[in-house]
Amino acid sequence: MRTKMAKILLWSLAALVACTFGGTASAQYKATMKLASATPMDHPYNVGAKKFADLIKERTQGRIEIKIYPAGQLGKGEREMTEGVQQGAIDLLVTSTGPMGGFSPSINILDFPFLFRDYQHVDSVLDGPIGRRLLDDFEKANLKGLAFWENGFRHLTNSKKPVRNVEDARGLKIRTMENKVHLAAWKAAGLNPTPMAWGEVFTALQQRVIDGQENPVAVIHSTKLWEAGQKYFSFTAHVYSPALLLINKKLFEAMPKEDQEIFLKTALEVAQFQRKINRDAEEEKLKEMETKGVTVVRDVDRDSFKRAMSPVYDEFSSQFPRSQIEEIMNAK
Ligand code: EAX
């Protein structure tokens, strides 16, 4: 850790000297960075991360190399890996925003059930002033949010029975992310939710410690949850889960301005690519899951879940007043 900080300080000094005595700082700046994620290499987080790394290497003439560490190699969950980014042990992280509330409380506003109408609504909020404000808020925690990538609309899976409405789901023991809004929403719906780091979920499902979990199709598919007994998938789309490309703020600010611009521009460019590949592949992944014996319930009574989860809006109204919620809900 101390070496890491020393390296950052040295590079900052080199950049300062280079700027002061001529020569562009970026020509001197070289770095090898570690980018982590919790999902397997074929998950859209890492397809995006690979494209990002390739473009950064190309656009910095090979001066900045980004090595990808997928599938929780650098930590059992996203909250823990975010702490690693804060401390400088990990340089970049692609993560769901779900466990980020402890780092930047304002981000939890995105976790409310049935907040977003569709992908177009998602993109207009995340790529507009509201999204910009939420990204900026991370800077207080020594984290720089480079762009919103995508996890996706979350759906319920379980090992016990087909779930068509909230009554069918009542009493199920399900894992949620370490996220207070999600926990409260599932409790209000009459389920029995437990927060858990993603790296512990597969085993907990396999051992039937929990009956189910909820995640976007790409996470369920890339982690092969049917092999842990998740035989029933319900298209609840109860929450839209953004992802974030985060970088350690001190590391980012120690980079020459030109390289900072390259990182920001590339992160936003890859965001569009990464969201598209996530969305385009969803139907094909669902079909493949059916070939693996998963019962996919598409005709879910989503209104029953929406009604049952609606008390969370009042429960958190002191932190997230109706006006803030409506600013998002009414965005075009
Ligand atoms: O970010 O923890 C979760 O359920 C996340 O959706 C997953 O790790 C991908």
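Residues numbered from 1 in each chain as written. Predicted model: local features only at pLDDT ≥ 70, side-chain atom pairs only at ≥ 80, totals over all residues. Heavy atoms only, no water.

(A) Here's a closer look at the overall build of the protein chain. Tallying secondary structure elements over the protein chain gives 16 helices and nine strands in all. For a compact globule of 332 residues, the expected C-alpha radius of gyration is about 20 Å, and the protein chain comes in at 21 Å, within 12% of that figure. Oriented by its inertia axes, the alpha-carbon framework of the protein chain measures out at about 70 × 45 × 35 Å. By sequence separation, contacts in the protein chain at least 24 residues apart represent 76% of the contacts at least 6 residues apart. Accessible surface for the protein chain amounts to roughly 13800 Å². Of this, 55% is attributable to carbon and sulfur atoms. Taking the average place of the 46 positive charges on the side chains of the protein chain and the average place of its 41 negative ones, the gap between the two points comes to 3 Å. (Helix = DSSP H or I, 4+ residues; strand = E, 2+ residues; numbered from the N terminus. Rg over C-alpha atoms; globule rule 2.2 N^0.38 Å. Contact = heavy atoms within 4.5 Å. Areas by Shrake-Rupley, 256 points an atom, 1.4 Å probe, with all protein chains shown as cover. Lys, Arg positive; Asp, Glu negative; His and termini not counted. Charge placed at Lys NZ, Arg CZ, Asp CG, Glu CD.)

(B) Inspection of the side chain of Asn248 at higher detail. Along the chain, Asn248 falls in strand β8 (residues 232-248). Within the structure, Asn248 has its side chain in polar contact with the backbone nitrogen of Lys250 (distance 3.0 Å). Excluding residues within four positions of it along the chain, Asn248 makes contact with Val85, Gln86, Gln87, Gly88, Ile90, Asp91 and Asn142. (Polar contact = N/O pair within 3.5 Å; in protein donor to acceptor, adjacent residues only side chain to side chain.)

(C) Highlighting the site of the ligand. As a structural note, the neighbourhood of the ligand is formed by Thr39, Tyr45, Glu78, Ser96, Asn151, Arg154, Arg175, Met177, Trp198, Asn215 and Val219. Asn151 is positioned such that a nitrogen or oxygen atom in its side chain is 2.8 Å from an oxygen atom of the ligand. At 2.9 Å from an oxygen atom of the ligand is found a side-chain nitrogen or oxygen belonging to Arg154. Residues that form the shell around the ligand fall into these classes: four nonpolar, four polar and three charged. Two domains share the shell around the ligand, each providing at least three of its residues, namely domain 1 (29-152 + 241-282) and domain 2 (155-239 + 283-329). (Near = heavy atom within 4 Å. Nonpolar A, V, L, I, M, F, W, Y, C, P; charged D, E, K, R; others polar. Domains from an automatic or database assignment.)

(D) Just the domain arrangement of the protein chain, in detail. Domain boundaries assigned for the protein chain yield domain 1 (29-152 + 241-282) and domain 2 (155-239 + 283-329). A C-alpha centroid distance of 23 Å is found between domain 1 and domain 2. The interface is formed by 33 residues belonging to domain 1 together with 42 residues belonging to domain 2. Both sides of the domain 1 and domain 2 interface together cover about 3200 Å² of buried area, and 62% of this is carbon and sulfur. Looking only at domain 1, the three residues that lose the most surface to domain 2 are Phe112, Phe114 and Glu282, adding up to 27% of its buried area. At the junction of domain 1 and domain 2, the tally comes to three salt bridges. Here Arg79 ties to Glu178 by a salt bridge, and the two come within 3.0 Å at their closest N and O atoms. At the junction of domain 1 and domain 2, the tally comes to 16 residue pairs in polar contact (both at pLDDT 80 or more). Within the residue set of the side of domain 1 that touches domain 2, elements represented by two or more residues are α5 (119-126), α6 (129-136) and β4 (143-158). Residue composition of the side of domain 1 that touches domain 2, grouped by class: 15 nonpolar, eleven polar and seven charged. (Buried area = accessible area lost by both parts, 1.4 Å probe. Salt bridge = Lys/Arg side-chain N within 4 Å of Asp/Glu carboxyl O.)

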